[in-house]
Amino acid sequence: MVANSELQRVELTGWRTGLANLLGKENRAWWASRRWLVHSLLWAVVVNGLLALMLFVIRRRRPSSWG
């Protein structure tokens, strides 16, 4: 029988079986690429854009008796 050198036996039981391996693989794939940087910039623009839009709308709709 030929052993696969990429697989490692894990002696865990329960719902966490293999979770550490899965998270390690996904984190290596995520941080090794530029996707995290693109997503971070995109989400920063989206969140700050929504905040700016809400502040602009509130300023426009504010009654003149407030100040």
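Scroll up to find the structure this text is about.
Cut-offs and rules
- Residues numbered from 1 in each chain as written.
- Predicted model: local features only at pLDDT ≥ 70, side-chain atom pairs only at ≥ 80, totals over all residues.
- Heavy atoms only, no water.
- Helix = DSSP H or I, 4+ residues; strand = E, 2+ residues; numbered from the N terminus.
- Buried < 20%, exposed > 50% of the residue type's maximum accessible area, 1.4 Å probe, protein only.
- Areas by Shrake-Rupley, 256 points an atom, 1.4 Å probe, with all protein chains shown as cover.
- Phe/Tyr/Trp six-rings, centres within 6.5 Å; stacked < 30°, edge-to-face > 60°.
- Axes fitted to C-alpha atoms, helices over the stretch in contact; angles between N-to-C directions.
- Parallel < 35°, antiparallel > 145°, perpendicular 65-115°, else oblique.
- Contact = heavy atoms within 4.5 Å.
- Nonpolar A, V, L, I, M, F, W, Y, C, P; charged D, E, K, R; others polar.

Participant: What should I look at first to understand the overall build of the protein chain in this one?
Facilitator: Summing up its helical and strand segments, the protein chain has 2 helices and 0 strands in all. Taken across its 67 residues, the protein chain has 0% of its residues classed as buried. In the structure as shown, the protein chain presents an accessible area of about 7,100 Å², 63% of it carried by carbon and sulfur atoms.

Participant: It is not clear to me how the packing of aromatic side chains should be interpreted in this structure. Could you clarify?
Facilitator: Any aromatic ring pair is given by two values, namely how distant the centres are and how the planes are angled relative to each other. If you walk through the whole model with that rule in mind, you get 1 aromatic pair. With a centroid separation of 5.1 Å and an interplanar angle of 50 degrees, the aromatic rings of Trp 31 and Trp 36 are classed as tilted.

Participant: Sorry if this is basic, but what is going on with the packing of helix α1 (residues 19-31) against helix α2 (residues 35-61) here?
Facilitator: The packing of two helices is summarised by the inter-axis angle and the distance between the axes. At their nearest, the axes of α1 and α2 sit 7 Å apart, and the two run at 75 degrees to each other. If you check the angle between α1 and α2, you find them roughly perpendicular. Listed contacts from α2 to Ala 29, Trp 30 and Trp 31 of α1 are Arg 35, Trp 36 and His 39. Partitioned by chemical class, the residues of the contact of α1 with α2 number 4 nonpolar, 1 polar and 1 charged.

Participant: Would you mind showing me how to read the environment of Arg 35 here?
Facilitator: Along the chain, Arg 35 turns up in helix α2. Residues in contact with Arg 35, not counting those within four places in the same chain, are Ala 29 and Trp 30.

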